[in-house]
Every structure is written in structure tokens, then in C-alpha cells.
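Structure at a glance
Given next are the chains, with one letter for each unit.
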Amino acid sequence: MSGKRTDYISWDEYFMGVATLSGMRSKDPNTQVGACIVSEEHKILSMGYNGFPTGCSDDDFPWAREGEPLENKYFYTTHSELNAILNYRGGSLEGATMYVTLFPCNECAKAIIQAGIKRLVYDSDKYNGTPSTIASRKMLSAAGVDIQKYEHTGRTVTIQL
Ligand SMILES: O=c1[nH]c(=O)n([C@H]2C[C@H](O)[C@@H](COP(=O)(O)O)O2)cc1CO
Ligand SMILES: [Zn+2]
């Protein structure tokens, strides 16, 4: 008998958990997104969350969803998926898997494809049916990216910080 623990978290729980934790860094009051990129050997290569680019202060740039284009967040936020891709400085992401807490938009889909990411595991799909996610799905499918919906296990993890 090996005596090994049996209640350890699965790879999917681990990586979606890390993506979720990363999203908790986001200052966006409406939608927090986290992404975690993993190698074929189950090694974490990079992480990201949605926010303004370096040097663009969260206190100076707007988090509003509405109003003039220059006065709301959409021109300024870097999405979690792009941040995770850009945060990787170690070489190629060819063949990697991305775990992301929200299904990617069309712009992130292009970055995912061009980075060579071959598998996508997503959790929320709250913008399903919008032109952006329809285009995203269309491109990811055409490029042969394996798209999987994360299956919740019901496990709750409490971390004392
Ligand atoms: O793929 C995505 N990844 C990502 O990080 N985001 C970010 C950008 C914004 O900060 C926020 C979306 O804001 P909202 O849900 O209020 O429209 O989530 C949004 C998408 C769109 O699906
Ligand atoms: Zn995006």
C-alpha cells in the first residue's frame, strides 16, 4: 500500500483554480477574468488577468462601461488571455493549453491561434451568442483549437490568506 492521498485536486481543478485566483487581481468592477497557460507536461507557463497596460494607472483610466469611447474602459483594457500570452517570455507556446474563466472574445481568439495554443478550457460563457464570441468560436474551430467547457466538480477550496 502506497499510502498516497486520494483527495488531491485534479489537473483541471488546479489550473482553473489558478486562473480564477489570477482573475481576483483584476480591478474591473464588473468582470474579472483570469487565464493560465499550461504546457503539454502540465507545467504552468504563464498567467494573466484583465487590466490596463503597465504605466496606465487604475486610478487615472476609467473603469466605466458606458459613455464616450475615451471615457470608458474598452479602449484601454488588456484582456486576461492576451496578458497571459504576452507575459510569457520563455519562447514558444506551441501545443499549450489555455485555461480561462471567461470564453475568449474574437481578438483574444486570434492571439490564441497565432500563439500556437491548441486547447482551450473555459468556464463562464456569459457572452455566448454575441457577434464577438460567435466569431471567436468560428476562428478557433477553423484553426483546430480543441475547445472544452470546464466541468465544475463541486469542490470548494478555502485558502486562508
Ligand atoms: O475574453 C475576454 N477577456 C477579458 O479579459 N475580458 C475583460 C475585458 C473587460 O475588462 C471585462 C469585460 O467587461 P464587461 O463584462 O463589463 O463588458 O473583461 C473580456 C473578454 C470578452 O469576452
Ligand atoms: Zn478578449
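Residues numbered from 1 in each chain as written. Chains lettered and ligands numbered in written order. Predicted model: local features only at pLDDT ≥ 70, side-chain atom pairs only at ≥ 80, totals over all residues. Heavy atoms only, no water.

1. Details of a nonpolar patch on the surface
Heads up, the condition is: Residues with no salt bridge and a relative accessible area higher than 30% make up the patches, which join like charges within 9 Å and nonpolar side chains (Val, Leu, Ile, Met, Phe, Trp, Tyr) within 5 Å. Computed with the Shrake-Rupley method and a 1.4 Å probe, the accessible areas treat only the protein chains shown as cover for residues. Whenever a carboxyl oxygen of Asp or Glu lies within 4 Å of a side-chain nitrogen of Lys or Arg, that contact is scored as a salt bridge. When a residue's accessible area, from a 1.4 Å probe over protein chains only, is under 20% of the maximum for its type it is buried; when over 50% it is exposed; and in between it is partly exposed.
A cluster of nonpolar side chains, Ile 9, Trp 11, Tyr 14, Leu 21, Met 24, Ile 44, Met 47, Val 157, Ile 159 and Leu 161, forms an exposed patch at the surface whose accessible area comes to about 1,100 Å². When its relative accessible area of 31% is taken as the criterion, Ile 44 is described as partly exposed.

2. As for helix H1 (residues 11–23)
Along an α-helix, residues three or four apart share an orientation, since each turn contains 3.6 residues. The test is simple: Helix and strand definitions follow DSSP, with helices as H or I runs of at least four residues and strands as E runs of at least two, each counted in order from the N terminus. What a helix is expected to span follows from its residue count: subtract one and scale by 1.5 Å. A contact between two residues is defined here by any heavy atoms of the two lying within 4.5 Å.
Taking 1.5 Å of rise per residue, the 13 residues of H1 would be expected to cover 18 Å, and the 18 Å separating its terminal C-alpha atoms lies within 8% of that figure. As for H1, its buried residues are in contact with strand S1 (34–38), strand S2 (44–49), strand S3 (97–102) and strand S4 (119–124).

3. Remarks on the side chain of Thr 77
With respect to the element layout, Thr 77 can be found in the loop between S2 and helix H2 (80–87). Residue classification places Thr 77 among the buried positions, given a relative accessible area of 17%.

4. Overview of the coordination of the zinc ion (ligand 2)
Heads up, the condition is: Each metal's donors are the N, O and S atoms found within 2.8 Å of it, except that Na, K and Ca use a 3.2 Å limit; water is left out, so coordination can look incomplete.
For the zinc ion (ligand 2), every protein donor is listed as His 79 (ND1), Cys 105 (SG) and Cys 108 (SG), and the spread of their distances is 2.0 to 2.2 Å. Here the donor residues of the zinc ion (ligand 2) are spaced in sequence according to H-x25-C-x2-C. With His 79 in the loop between S2 and H2 and Cys 105 in the loop between S3 and helix H3 (106–115), the pair connects residues that are 26 residues apart, well separated along the chain. Residue class for Cys 105 comes out buried when judged on its relative accessible area of 15%.

5. A look at the UniProt feature "domain: CMP/dCMP-type deaminase" (unreviewed entry) in the protein
Threshold: UniProt positions are given in the numbering used here, feature names are shortened, and annotations may be inferred rather than shown by experiment.
UniProt's feature table lists "domain: CMP/dCMP-type deaminase" (unreviewed entry) at residues 10–147, given in the numbering used throughout. For residues 10–147, the end-to-end C-alpha separation is 19 Å, with 31% helix and 18% strand making up the annotated structure.

6. What to know about H3
Heads up, the condition is: Starting at the helix axis, one direction is taken to each C-beta atom, and the arc is that of these directions.
Within H3, the full set of buried residues consists of Cys 108, Ala 109, Ala 111, Ile 112 and Ala 115. Seen from one end, H3 has its buried residues packed into an arc of 165°, which puts them on one side. Gly 116 lies just past H3 and shows a positive phi near 90°.

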